[in-house]
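Architecture and fold: a report
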Amino acid sequence: MPDYMYQLESRLSPEQWAGLVRIQELAVAAEMNLYLVGGAVRDMISGMPIRDLDFTIEGNPLRIVRELEKGGAQIAEEDETLRSVELMLAGDVEVSISAAREDFYARPGAKLEARFSTIMEDLRRRDFSINAIAISLNANSRGLLLDPTNGLADLERREIRALSIRSFTNHPLRLLRAPRYAARMDFKLDTRTAEWFKLAMERELQKTISPEDAGRELRQSAREEKPVAVLKAWESQNLMEVLHPQLAKRHPDYEAIQRLTRVRDEMVSAGFRPRLFAPVALAIVGRLKDRERGAVLGRMSLRPAELHAVEQLESEALKIAKLLVGAKTESVPDAYDFLETTPLDLQAYILSESSNSKAVAKIKNYLNKWKPLRQGLPGVALELEAIGLEHGPKFDKVVEDFFRAQLMGRARKPEDHAKILRKLAGIKELPKKVEEKKKPEKGKTKGAAVSGPESPAPSAPSGKGKPFGKSSTPAPAAAVKAAPKSKKKSGKK
């Protein structure tokens, strides 16, 4: 049986794992059953990046939400009717916490009626089987996988399967979601789901999708790993007009999105994970006129911080590029300090779109040369400990000074580390011990065996020792004396 908790811990970022542990602690204190559900479980099992964490609680989650607020969490959106809250935790961790419920519709397309229920009923009312999987975070069943609709098998078959014949009828927004999931994961709709999808499109249910719901889906597309694939999947199904008529007519700036995707892949290979929502959102509306652009962004239900990031992206990028070629960032340490505080999405946008070669070069150096030096400092700290400097303010200063020296091109060779660290720490190098050559004892000839004090062995007159295990009695002189070589008689008989 797979250890799903181990998989979670190894796949989540440290900030995400800390958020999960904190919510789990609060659920235990409130005596409520807690489950990780939906996208996080799906993406963990399928090997995709886990973007956000969705939790379901059997009960009212507001008590837990209030405790999270006291710890600094910020509420992004709250639906009191459905008891659902979206929050931002420390480290920019996006979290949603909802009450387990059942959904009822009086007739197809009617307004949703919710009844609070158990986790199993909550999973069965979801849109697609791959989103109806949960992991228990409760003490008695921690790590248990809940899969009442057999979504795990659909993940293995790489299929999107709707859970009801009325999935698209009751909730036409799923006409946008199904192609988005299929494009993101490179899956296909299963046979019945494809038939239901086609029937709903023929009935033009896509025209009943509200602008706000369509905007939320467009917002989700800007957060995807493969935004181009998602947008083109919508275009292939003639769904782009649902998002905005002008967007269907002018099309997103696919080339700009592809450039951003390549830059993101390079940054990921260097150990960075930039969030490219703002640059991608700007590229999606990049070919629209200002008034049209504002209308599309207005539909996307952007949070104030997100809207500000998109609207100010170009001007902020120009400002940063200008500063990177100015006097304030002329030295490498100054450029490093400046880029250390520059958001990664802005760095990615400059790498993708800027013609300022000097600014681009500094960002590339930061990502590929300077930042790896910073990441190697734990090893330097161990070397400093070995030298004998105790932890404290001086210790931290020496490590920082050493890093600055590396930025300036010094202290790059491992064999130079100890010498430079001693100099920075003010610790003198230990004097080297001079080994004196041993003089041969009197009466000993070169090559003679050295015997111990307890059983002295006489030295051989010829300078050759006796073989190990033979008698040490000296041989007679006649035996020692070498016999003369016999001359061979030559001549004829």
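Just so we're clear, the structure is a prediction, and the values are computed from it rather than from any experiment.

Moving on: helix 18 (residues 313-324). Under the 1.5 Å per step criterion, the end-to-end length of helix 18 is 16 Å for 12 residues, consistent within 8% with the ideal 16 Å. Of all the residues in helix 18, the buried ones are Leu313, Ala317, Ile320, Ala321 and Leu324. Along helix 18, the residues classed as buried sweep out an arc of 100° about the axis, all on the same side. Exposed side of helix 18, more than 90 degrees from the buried face: Leu318 and Lys322 are the residues found there. Close packing links the buried residues of helix 18 with helix 15 (277-284), helix 17 (304-311), helix 19 (332-340), helix 20 (344-353) and helix 21 (357-375).

With 126 residues, the main nonpolar core has Phe55 and Ile97 as its most contacted residues. Formed by 7 residues, the second largest nonpolar core is a distinct cluster that contains Tyr35, Ala132, Ala134 and Leu146.

Bringing the side chain of aspartate 190 into the picture now. Mapped onto the fold, aspartate 190 is located in the loop between strand 11 (188-189) and helix 9 (191-202). Buried within the structure, aspartate 190 lacks any salt-bridge partner; arginine 192 is the closest side chain of opposite charge, at an N-O distance of 4.7 Å. Among the polar contacts listed, one links the side chain of aspartate 190 to the side chain of threonine 193, at a separation of 2.3 Å. In this structure, aspartate 190 is in contact with Glu159, Ile160, Arg161 and Ala162, ignoring residues within four places of it in sequence.

So, about the packing of aromatic side chains. Tallying each qualifying case throughout the model produces 6 aromatic pairs. Ring plane angle 50° and centroid distance 6.4 Å describe the contact between phenylalanine 128 and phenylalanine 168, whose orientation is recorded as tilted. With phenylalanine 128 in the loop between helix 5 (119-124) and strand 8 (134-136) and phenylalanine 168 in helix 7 (residues 167-170), the pair connects residues that are 40 residues apart, well separated along the chain. The exposure classification of phenylalanine 128 matches that of phenylalanine 168, with both residues buried.

Thresholds applied
Residues numbered from 1 in each chain as written. Predicted model: local features only at pLDDT ≥ 70, side-chain atom pairs only at ≥ 80, totals over all residues. Heavy atoms only, no water. Helix = DSSP H or I, 4+ residues; strand = E, 2+ residues; numbered from the N terminus. Expected span 1.5 Å × (residues − 1). Buried < 20%, exposed > 50% of the residue type's maximum accessible area, 1.4 Å probe, protein only. Arc of directions from axis to C-beta. Contact = heavy atoms within 4.5 Å. Core = buried A, V, L, I, M, F, W, Y, C linked by side-chain atoms within 4.5 Å. Lys, Arg positive; Asp, Glu negative; His and termini not counted. Salt bridge = Lys/Arg side-chain N within 4 Å of Asp/Glu carboxyl O. Polar contact = N/O pair within 3.5 Å; in protein donor to acceptor, adjacent residues only side chain to side chain. Phe/Tyr/Trp six-rings, centres within 6.5 Å; stacked < 30°, edge-to-face > 60°.

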